[in-house]
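Descriptive analysis of the structure
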Amino acid sequence: MGRKKTIEKGPRNIDLDILLYDQLVMDSEHLNISHKLMLEREFVLRPLCDIAPMFAHSLTSTALRAHLQSLPPSTTANQLALMFY
């Protein structure tokens, strides 16, 4: 699409992140699969684990559920847990 960056981390015309594509690993100037930061982001891993919790990440060979469980608890999750006690 020929995006021209005007502001670092600024607004974009389109941003499509490809998290996984089977077990493909690709690292090029224009495309990275698997997404480099997905294992650090609860908002990515939580819904992905709803779909495929036992899917092994292509670089770590570890189940996505294990990656999610290894993240520090989020403030949102803690607040929700307190609502039910």
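That block above? That's the structure.
Residues numbered from 1 in each chain as written. Predicted model: local features only at pLDDT ≥ 70, side-chain atom pairs only at ≥ 80, totals over all residues. Heavy atoms only, no water.

For the structure shown, the criterion picks out two salt bridges. Of the charged contacts, one joins Asp 27 and Lys 36 as a salt bridge, the two residues approaching to 3.5 Å between their closest N and O atoms. Pair check on accessibility: Asp 27 and Lys 36 agree, each one exposed. Where Arg 46 meets Glu 42, a salt bridge forms, and the shortest distance between an N and an O atom there is 2.7 Å. On the criterion of helical spacing, the pair formed by Arg 46 and Glu 42 is a turn pair, its members being four residues apart in helix α1 (residues 42-51). Judged by relative accessible area, which is 41%, Arg 46 ranks as partly exposed. Taking the relative accessible area as the measure of exposure, Glu 42 reaches 18% and is therefore buried. (Salt bridge = Lys/Arg side-chain N within 4 Å of Asp/Glu carboxyl O. Buried < 20%, exposed > 50% of the residue type's maximum accessible area, 1.4 Å probe, protein only. Helix = DSSP H or I, 4+ residues; strand = E, 2+ residues; numbered from the N terminus.)

Core analysis: the largest hydrophobic core is formed by ten residues, namely Leu 20, Met 38, Leu 39, Val 44, Leu 45, Leu 48, Cys 49, Leu 64, Leu 68 and Leu 71. For this core, the secondary-structure elements that each account for two or more residues are α1 and α2 (64-70). The element that contributes the greatest number of residues to this core is α1, accounting for four residues. Excluding its chain neighbours within four sequence positions, the residues that come into contact with Leu 20 are Ile 33, Ser 34, Met 38, Leu 48, Phe 55, His 57, Ser 58 and Leu 64. (Core = buried A, V, L, I, M, F, W, Y, C linked by side-chain atoms within 4.5 Å. Contact = heavy atoms within 4.5 Å.)

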